[in-house]
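# Topology and contacts: notes
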Amino acid sequence: VQLQASGGGLVQPGGSLRLSCAVSGHTFSRYSIGWFRQAPGREREFVAAHKSSDNSEHYADSVKGRFTISRDNVKNTVYLQMNSLQREDTAIYYCAASRGLITSSIRRSNLYDYWGQGTLVTVSS
C-alpha cells in the first residue's frame with residue numbers, strides 16, 4: 001500500500017484548502033485512513049480519521065467543525081477539507097492507513113502501518 005498526499009500550499013487565515021491522499025494497492029475500502037500533522041518543534045498529532053469498518057469520522061477537538069474528512073472508494077482517495085484555517089494549523093500534513101483499528105485506537109499514530117510523504121500547509125497573511 002502506498003499513499004501520496006497533495007494539496008498543501010500557502011493560504012491566508014480564514015481561507016480553505018482541500019488535501020488529497022491517493023492510495024494505491026488493493027482492498028482500499030478495508031483501510032482506515034487518518035490525517036496527522038506536525039508543526040515545527042512539535043510532535044505529530046492526530047487531525048482526523050475515517051474508520052472503514054463503520055464509515056465513522058473522527059476529529060481532533062482543535063479542528064472539529066472546521067475540517068471534514070471524506071473518502072471516494074472508486075478513486076481510492078481520501079480528502080481533508082479544511083475551512084476557517086488558522087495560523088495554528090500550519091504544519092506538514094500526513095495521511096496514513098491501517099486495517100483493523102477500533103475507535104479507541106483511531107488517534108494513535110503508532111498503529112498506522114503505511115504513511116504518505118506529507119504535504120505542507122502554511123497559514124499566513
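Owing to the predicted nature of the structure, the values given are computational and were not obtained by experimental measurement.

Within the fold, Asp89 resides in the loop between strand E8 (77-82) and strand E9 (91-98). Since its relative accessible area comes to 1%, Asp89 is described here as buried. Other than its neighbours up to four places away in sequence, Asp89 contacts Arg37, Arg66, Phe67, Ser84, Val121 and Val123.

Moving on to the nonpolar core. Among the nonpolar cores identified, the biggest contains 36 residues, and Trp35, Val47, Phe67, Leu80, Met82 and Tyr93 are the most heavily contacted of them. Residue assignment for this core shows that the elements contributing at least two residues are strand E1 (2-6), strand E3 (17-24), strand E4 (32-38), strand E5 (45-51), strand E7 (67-72), E8, E9 and strand E11 (119-123). If you tally residues by element for this core, the top one is E9, at five residues.

Picture a little ball the size of a water molecule; that probe, rolled over the atoms, points out where space is still empty. One pass over the structure, following the stated rule, counts one cavity of 30 Å³ or more. Of the volumes computed, that of the largest cavity is approximately 50 Å³. Considering the residues around the largest cavity, the lining is formed by Arg37, Gln38, Ala39, Arg42, Glu43, Glu45, Glu88, Thr90 and Ala91. For the lining of the largest cavity, the per-class residue count stands at two nonpolar, two polar and five charged.

With a phi close to 55°, Asn55 is a non-glycine residue in the positive phi region. Residue placement: Asn55 occurs in the loop between E5 and strand E6 (56-59). The backbone of Ser84 sits at a positive phi, close to 50°, despite the residue not being glycine. Along the chain, Ser84 turns up in the loop between E8 and E9.

Assignment of secondary structure puts Asp61 in the loop between E6 and E7. Look at Asp61 and you get exposed, because its relative accessible area is 63%. It is 9.6 Å that separates the C-alpha atoms of Asp61 and Ala48, two residues lying 13 residues apart in sequence.

By the definition in use, this model includes five salt bridges. For the salt bridge of Asp61 with Lys64, the shortest nitrogen-to-oxygen distance reads 3.3 Å. Summarising the burial analysis for this pair, Asp61 and Lys64 share the class exposed. Three or more residues joined by partner-sharing salt bridges are found here, namely Arg37, Glu45, Arg66 and Asp89.

Turning to the packing of aromatic side chains, a few remarks are in order. The tally for this structure, following the rule as stated, stands at six aromatic pairs. Judged by centre distance (5.7 Å) and plane angle (75°), the rings of Phe36 and Phe46 are edge-to-face. With a gap of ten residues between them, Phe36 in strand E4 and Phe46 in strand E5 connect regions that are remote in the sequence. Taking relative accessible area as the criterion, Phe46 reaches 9% and is therefore assigned buried.

Thresholds applied
- Residues numbered from 1 in each chain as written.
- Predicted model: local features only at pLDDT ≥ 70, side-chain atom pairs only at ≥ 80, totals over all residues.
- Heavy atoms only, no water.
- Helix = DSSP H or I, 4+ residues; strand = E, 2+ residues; numbered from the N terminus.
- Buried < 20%, exposed > 50% of the residue type's maximum accessible area, 1.4 Å probe, protein only.
- Contact = heavy atoms within 4.5 Å.
- Core = buried A, V, L, I, M, F, W, Y, C linked by side-chain atoms within 4.5 Å.
- 1 Å grid on protein atoms, 1.4 Å probe; cavity = no way out; pocket = protein on both sides within 12 Å on 5 of 7 lines; lining within 4 Å.
- Points joined across faces, edges and corners; volume = space filled by probe spheres on them.
- Nonpolar A, V, L, I, M, F, W, Y, C, P; charged D, E, K, R; others polar.
- Salt bridge = Lys/Arg side-chain N within 4 Å of Asp/Glu carboxyl O.
- Phe/Tyr/Trp six-rings, centres within 6.5 Å; stacked < 30°, edge-to-face > 60°.

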